[in-house]
Amino acid sequence: MSHSASADVAVTEASVNEAKALLDNATRDLERYRNLLRQDAVTQREYDAVETDYKAKKARYDMLTRQTSATNTVVETNRQRLSQSDAGIELAQALLETAELNLSYTVITAPCDGYTSRKEIQVGQLIQPGQCLLDIVDTSDVWIVANYKETQLKHIHPGSDVNVTVDAIPDVTFKGKVQSLSTATGASLSLMPQDNSAGN
């Protein structure tokens with residue numbers, strides 16, 4: 001409810017209270033003059049003047065009461081409109097946030113820096129959540145998996161310095177460190193472990 005509407009309601013209520021007080025006083029005057037007229041203590045003209053004053057004050061009171069009711073109805077209507085407007089604003093805000101979220105889903109960011117290898121997506125193809133689009137080689141975290149026999153692990157432990165050569169890059173030696181050793185053999189982790197023992 002606006003400040004001006006609140007002020008209008010306050011003025012109307014004050015006017016109604018004033019009219020009610022004047023009507024109550026006019027009602028008492030009318031009753032007194034009615035009793036005096038029965039006793040012939042006042043003239044008919046004096047009684048008529050008091051009765052007319054009573055009717056005028058009653059009419060003013062009734063009019064102000066109806067105006068107050070109408071003003072309250074307008075104020076309530078405006079309050080409901082404001083409430084609906086607030087709800088509309090909240091709905092629009094929620095729709096905007098949803099649209100911004102959906103827009104953010106159209107941008108796919110790589111989890112790391114590196115080079116792309118095999119591409120699984122073509123132009124115009126629709127993708128699904130979790131679908132692999134392409135492979136990325138992370139250039140910031142290069143590591144090698146080396147398979148050794150148990151007899152070759154004696155001097156290898158995490159933190160050891162290693163030299164790595166690659167057949168595709170001759171005469172170049174890469175320096176590295178042992179990050180970890182697996183706690184199980186490759187055979188125990190395979191889908192169908194080998195069993196080289198004799199017998200059935």
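For the structure itself, look to the data block above.
Residues numbered from 1 in each chain as written. Predicted model: local features only at pLDDT ≥ 70, side-chain atom pairs only at ≥ 80, totals over all residues. Heavy atoms only, no water.

(A) Region of interest: the overall build of the chain. Check the secondary structure of the chain and you find three helices and four strands. Reading the chain from its N terminus to its C terminus gives the helix and strand order α-α-β-β-β-β-α. Looking at the chain as a whole, 10% of its 200 residues qualify as buried. Considering only intrachain contacts with a sequence separation of at least 6, the fraction spanning at least 24 residues in the chain is 39%. Surface exposure of the chain reaches about 16,900 Å², of which carbon and sulfur atoms provide 55%. (Helix = DSSP H or I, 4+ residues; strand = E, 2+ residues; numbered from the N terminus. Buried < 20%, exposed > 50% of the residue type's maximum accessible area, 1.4 Å probe, protein only. Contact = heavy atoms within 4.5 Å. Areas by Shrake-Rupley, 256 points an atom, 1.4 Å probe, with all protein chains shown as cover.)

(B) Geometry of the pattern of salt bridges. Going through the model one piece at a time under the given rule, you end up with seven salt bridges. Measuring nitrogen to oxygen at the nearest pair gives 2.1 Å for the salt bridge that ties R32 to D29. Of this pair, R32 and D29 are both found in helix α1 (residues 3–38), three residues apart, which corresponds to roughly one turn of the helix. Accessibility expressed as a relative area gives 45% for R32, which makes it partly exposed. (Salt bridge = Lys/Arg side-chain N within 4 Å of Asp/Glu carboxyl O.)

(C) Molecular detail of the pairing of strand β4 (residues 169–177). Where strand β3 (residues 161–166) meets β4, six bridges bridge the pair, whose relative direction is antiparallel. If you follow T165 over to β4, its bridge partner there is T173. Between the end of β3 and the start of β4, which pair antiparallel, lie two residues. (Pairing = 2+ DSSP bridges.)

(D) Summary view of unusual backbone geometry. Residue D40 is not a glycine yet carries a positive backbone phi of 60°. With respect to the helices and strands, the residue D40 is situated in the loop between α1 and α2 (44–104). When its relative accessible area of 68% is taken as the criterion, D40 is described as exposed. If you check the backbone angles, D171 has positive phi at about 65° while not being a glycine. Along the chain, D171 falls in strand β4.

(E) Spatial organisation of α2. Compared with an ideal rise of 1.5 Å per residue, which puts 61 residues at 90 Å, α2 spans 89 Å between its outermost C-alpha atoms and is within 8% of the ideal. Every buried residue of α2 is accounted for by Y47, V50, Y54, Y61, L64, T68 and V75. (Expected span 1.5 Å × (residues − 1).)

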